[in-house]
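Structural description and commentary
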Amino acid sequence: MKLQLWEKTATYTMLVIGSIVFLIPFLWLLATSFKTPNEVAESARLNIPGVFYKQAKPELSFKFTFPADSTKITPATKKVLLTMAENLRLQGRDIILVEVVSPDDSIYSDFLSRDLRNRRRDALKRVVVREGLINENRSLLSYDKNLAPNEFVVREAKNIFFNYIASLRLVPLVRFFGNTLLIILYALLGTVFSSAICAYAFARFKVPGSGVLFAILLATMMLPGVVTLIPIFILFEKIGWINTFKPLIVPAYFGGGAFNIFLLRQFFLTLPKDIEDAASIDGAGWLGILFRIVIPLSKPALITVAIFTFMYLMNEFMTPLIYLHDVEKFNIAVGLNLFRSQYVDRVPWGPLMAASTLMILPMILVFFFAQRYFIKGIALTGMK
Amino acid sequence: MFTKHLKTVGWCLVILFILLYGPLWLIYSNPDRTIPPGVTELTITTWAGSSAEGANVEEEIFKAFMAENPDIIIRNVYTPWITYKSKLITMFVGKTPPDLCWLQMESLPFLASRGVIHDLTDKVKNDPELNLKNYYPVALDICSWQNRLYGLPRDLAGWFIAYNKDLFDKAGVAYPKPDWTWSDFTRIAKQLTKDYDKDGHTDQFGCWWIIREDVMLSNGAWLLNADASQATCDTPAFIESVQWVRDLTWKHHAAPQPHEMHSIGNLFLNQKAAMHYGGPWNIASWTKDLNFRWDIVNTPRGKKGNYKVTGGLPIAISKGTKHFDAAYRLLKFLCYSEKAQRLQAELGIAVPARRDLARKIYEPLPINPPSIHLYLDSMDKWATFPAHGLFWKEVDAEFRVGWDLIMLDKVDTTQELRQRTQNINNLLEKKAALERNRRGS
Amino acid sequence: MDRKKKHLLHFYLLAAPALLGLLLFALGPIVASLAISFTDWDILSKPAFLGLKNYQELLFHDKLFLKSLWNSLYYTIFGVPLGVVGGLLIAMLLNTKVRGIPIYRTLFYLPAVVPAVASAVLWIWVFDPDLGILNESLRFIGFSTTPKWLASTEWAMPALIIMSLWGLGAGMIIYLAGLQGIPEHLYEAAKIDGAGRWHLFWHVTVPHMSPIIFFNLIMGIIWSLQGGFTQAYIMTEGGPANSTLFYTYYIFRKAFEEFQMGYSSALAWVLFVIILVITALVFKYARKKVYYEYLGGGS
């Protein structure tokens, strides 16, 4: 259909307004992921984070080589650092937040707060508490792999991605992503295949019992999951699946969930009967019809199921939380909770939002590429 | 022709990747640790795996224990605070309980009454290495149920009031004195409440949040009577304390009304509230982030004196443990040893449960504000949630409905509290009957 | 083998995974929870048989049962129609052939992927009565008094409904997939007959989309009546004054805060029956309205 000018204008207007409305949450997330703790505390508003417009100060960087080959901060190394901090203060620097970087990952990145745990009231303590000089908290920076084990770099951190770096430091995000990918690869495969096959059965074969079975299948979605949580846990405990990925993957191969079967059944029912009849006359069996006709024609629907499953597995929280005991096995949704705390005001919002952004990015990419399949199937457009 | 092959090759690669990824990732990341023979593995459930709660300090504490006890490996089963109880209960009922568990205070009576955690009273009394007198009395309270000890306390955390010295100076108000009263508080809060641009919107509040339980307790009032069998929300002292909070908010507007409690922004950090109810968990980040001079002072005295509610961390040993002795060793290490208490104190979330160590280790921490001694002085007088009993959650939920309505200025305080008292009494009656049934059967 | 027997075999062969899954993973726990609903069970002690007492108590004596059921119905009655219609309209908008449509589609889908941990905070900000973007926008277009949203008993629920609409993207992609299945020639044919846009929508799009609309409606009802848990749990704790005490949140509270698993299961089964009845009614009514191309008419 050709669009007239006014229709085009109206469409664009609605698209742009809609996009803005729907973009705002993401922008807010993105903006917060670049804010310092003080900026977050100051205003939850959506505004441009200071790192983007505040004038950058010349970078300060000091490199130390410590006599001992220990990579831990010893009282001696600490003293050197404190002297340096005191010197910075004497230079009249506003920002004296420094980071200590060591190459073996035993990083006291938040050097200041680490030092604040020190029992002695020392130089830095005076700097911090009495003068109240700390007003920028951009502390974390990636470490330099070229350093020897006994070398430390102390520098003023000014990387704008400080929250992202902090989020990777604070929790093992990479591991969580790896675990999530593992669950997704295998569960997605199972879900798409088995739900397509089962949905085909419910859409095409009207036999005694199929109606009742379908109703039972739908009914499983109607009971709130809270009350089956404990029985399911006991079941998986009995078969030894607790603290493994099995409860998250294996059930996907058994039908892929009532939601997906129902969804695909509805789609299969929108397909015209004539094509299948024609194929049937040509001698194709149900298997041939399923794989040669129904599945190719239902590409958008299968993609929808894949997208839904992908998003569901990315965001799934309660199941992994109950079945997985070790932090090493967490998926990304449970892993994000490592930023949360018993005390709301202790939550590092910046790194949390940075990690959330990192989590959203693959989902956006997957959706962007998957939605290309939302175009008319060739067979349908060409058909008379 | 070429593109056709390319597609086939591409699909083959995808399938290969899918097939190989799982095994390779599992080998690479090795999530299943193996336990060497002769070594005991102890599981402990905590909500401290979270970066915000200093997961690496907890790890350090565990490592210190394992260094002293090479025959024991500790496995930390981390669950976020918000879902901790569900997971813990599920583990108990699934017959896979942890050996030790951190407990949220209100869960202890329930778990103790159901006999799933060890009664440690005798064990502890006969242990020459332990001297219970070293603990704050309130610390033992939070581990007790019906006068028996079901765990050991690790730390305590109660409220104090932090104040912004700059704002006090600017308004020409004297800093609060340690022995101040609730009426002093009202006066000071009113003086510090400002509408600078006169647009009718308050620009600076006297105080952000009020902890209602503190106000009630210091006024000699509480939701329930001593044995938690009756609601006492309609006593004059109780009504007075609720009315005081309501008036502070609505009559004087010295504390923000519910809709003025801004999302994640913090009015105190933002210098838009002169005082703030806080606790030890705030101190480290405030010391680092605050751009103004500040100090702390005790919560004001009421008719009953300086009396306040306490949070704390009891740790218990589950009855399902197969390694009681090892678990008890770990428990003693976590809750009594100077090493663990020191590491924990330096994290700066809570005060050690041991009085002697609180003075020795916690007080001199450089992060602490100048008047931290006032806070520690008052700890001997702290109270645990008095008579919180088995049904605290239900009682609190019922009361909160009334509280919400009062704080939204929708109802009359006295009438509403009378209504809630009646509701809570009905609730308690039902619950008590249920409980009798359970115990009887 | 005759055709009927062959069909029977084919059906059970194809549906086997789902039926096995049902048998292995779903049925046991479901039956267990039904059994628990007739007992008093505090999770850690042995359950005690109560007969129908739990059901009697909640149907006739529990004010919170009615309150939370009403809250969930309210959420459903407003949320589902808005979601079903809104999703379809957005999908049609995103199905037009204009430049940059993949980007628009992605933008419209964005809110559906924001993780719950982050979105709770985000929404508390959006609904902030003074600083929140919603009220700032309302003031910008001229409203002098603005709702206090989550801080008021009247507006907390509408706020959560608005929040659920932001996630329209999920329903939208199902429609978008469905729209691809409508043969273009049907539109051409109708246009030759001189049909207007409204006619095309009503007589071509809607009938062909009816199975998908039906799907979204059914799923909307099933999910909405069980919905609101995360929001209530993380954002409002059911408050202020129980105005966002959703039914599932109440079930959760009974189960894991108050340890009355039996009562909680009874609550869940009552909801199950309510959803079942509503769904069955919709199915029955839709029999005449939903057009299944494959079956060549009503099913």
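Residues numbered from 1 in each chain as written. Chains lettered and ligands numbered in written order. Predicted model: local features only at pLDDT ≥ 70, side-chain atom pairs only at ≥ 80, totals over all residues.

**Notes on the environment of G79 of chain C**
All names here are of chain C. Examined against the element boundaries, G79 turns out to sit in helix α3 (residues 63-93). Under the C-beta neighbour-count criterion, G79 is labelled buried, with 23 such atoms within 10 Å. G79 sits 142 residues away from I221 along the chain, and the two C-alpha atoms are 9.2 Å apart. Those residues in contact with G79 that lie beyond four places of it in its chain are I161, S164 and S224. (Helix = DSSP H or I, 4+ residues; strand = E, 2+ residues; numbered from the N terminus. Buried ≥ 20, exposed ≤ 12 C-beta atoms within 10 Å, placed from the backbone. Contact = placed C-beta atoms within 7 Å.)

**Re the packing of helix α1 (residues 5-32) of chain A against helix α4 (residues 101-109) of chain C**
For the pair α1 of chain A and α4 of chain C, the least separation of the axes is 8 Å and the interaxial angle reads 40°. As judged from the angle between their axes, α1 of chain A and α4 of chain C are oblique. Regarding α1 of chain A and α4 of chain C, the two cross each other, and that crossing is left-handed. From α1 of chain A, L15, G18, S19, F22 and L23 of chain A reach across to α4 of chain C, where they touch Y104, L107 and F108 of chain C. Of the residues assigned to the contact of α1 of chain A with α4 of chain C, the class counts are six nonpolar, two polar and no charged. (Axes fitted to C-alpha atoms, helices over the stretch in contact; angles between N-to-C directions. Parallel < 35°, antiparallel > 145°, perpendicular 65-115°, else oblique. Left-handed = near helix turned anticlockwise from the far one by under 90°. Nonpolar A, V, L, I, M, F, W, Y, C, P; charged D, E, K, R; others polar.)

**What about the interface of chain C and chain A?**
Contact residues are listed per partner, giving 80 residues for chain C and 91 residues for chain A. Listing elements by their share of the side of chain C that touches chain A, those giving two or more residues are α1 (3-36), α4, α5 (116-126), α8 (169-179), α9 (184-192), α10 (197-225), α12 (247-257) and α13 (261-289) of chain C. The biggest single contributor to the side of chain C that touches chain A is α1 of chain C, with 20 residues. Along the lines of polarity and charge, the residues of the side of chain C that touches chain A split into 58 nonpolar, 18 polar and four charged.

**Examining the domain arrangement of chain A**
Examined at the domain level, chain A breaks down into domain 1 (5-52), domain 2 (61-157) and domain 3 (173-339). A C-alpha centroid distance of 34 Å is found between domain 1 of chain A and domain 3 of chain A. (Domains from an automatic or database assignment.)

**A short note on the sheet that holds strand β2 (residues 72-78) of chain B**
Residues and elements named next belong to chain B. Taken in spatial order, the six strands of this open sheet run β2-β1-β3-β11-β6-β12, and their pairing is mixed. Two strands in the sheet have a free side with no partner beyond their single neighbour: β2 and β12 (351-352). Relative to strand β11 (residues 310-317), helix α12 (residues 324-336) is tilted by about 160°, and along the sheet it contacts β1 (40-46), β2, β3 (100-102), β6 (152-158) and β11. (Pairing = 2+ DSSP bridges.)

**A look at the domain arrangement of chain B**
Residue and element names in this part refer to chain B. When the domains of chain B are assigned, the result is domain 1 (40-158 + 310-381) and domain 2 (160-308 + 391-434). Taken over C-alpha atoms, the centre of domain 1 sits 29 Å from the centre of domain 2. Taken together, the contact between domain 1 and domain 2 spans 18 residues of the former and 18 residues of the latter. Looking at the side of domain 1 that touches domain 2, the elements with two or more residues in it are β6 and α15 (372-378). Here the residues of the side of domain 1 that touches domain 2 sort into 10 nonpolar, six polar and two charged.

**Considering the sheet that holds strand β7 (residues 160-164) of chain B**
Residue and element names in this part refer to chain B. Taken together, four strands build an open sheet; the order of strands is β8-β9-β7-β10 and the sheet is mixed. On the outer flanks of this sheet lie β8 (205-208) and β10 (294-297), each paired with one strand and no other. Neighbouring strand axes in the sheet, compared pairwise and without regard to direction, differ in orientation by 20° on average. One ladder, built from four bridges, connects β7 with strand β9 (residues 273-278); its direction is antiparallel. When the bridges of β9 are listed, I161 appears paired with Y277.

**So, the environment of A196 of chain A**
All names here are of chain A. Counting through the fold element by element, A196 comes out in helix α7 (residues 173-204). In the structure, A196 is positioned 59 residues away from G255 in sequence and 8.4 Å away in space, judged by C-alpha atoms. When sequence neighbours within four positions are dropped, the list of residues in contact with A196 reads L264, I295 and L302.

**Quick notes on the pairing of β7 of chain B**
Residues and elements named next belong to chain B. Counted residue by residue, β7 has five buried out of five residues, so it is predominantly covered. Judged by which residues are buried, β7 turns out to be covered on both faces: F160, A162 and N164 on one side and I161 and Y163 on the other are all buried. Relative to β10, β7 runs antiparallel, the two sharing four bridges. The residue bridging I161 from the neighbouring strand is V297, located in β10.

**Quick look at the environment of K123 of chain B**
All names here are of chain B. Topologically, K123 is positioned in helix α5 (residues 121-125). What makes K123 partly exposed here is the crowd of 15 C-beta atoms within 10 Å. Remark: the alpha-carbon pair of K123 and Y328, spanning 205 residues in sequence, is separated by 9.4 Å.

**With respect to the packing of helix α17 (residues 349-370) of chain A against α4 of chain C**
It is the contact of α17 of chain A with α4 of chain C, at a shortest axis distance of 9 Å, that shows an interaxial angle of 140°. The angle between α17 of chain A and α4 of chain C places the two elements in the oblique class. Once α17 of chain A is placed against α4 of chain C, the crossing between them reads as right-handed. Two secondary-structure elements touch here, α17 of chain A through I364, F367 and F368 of chain A and α4 of chain C through P102, T106 and Y109 of chain C.

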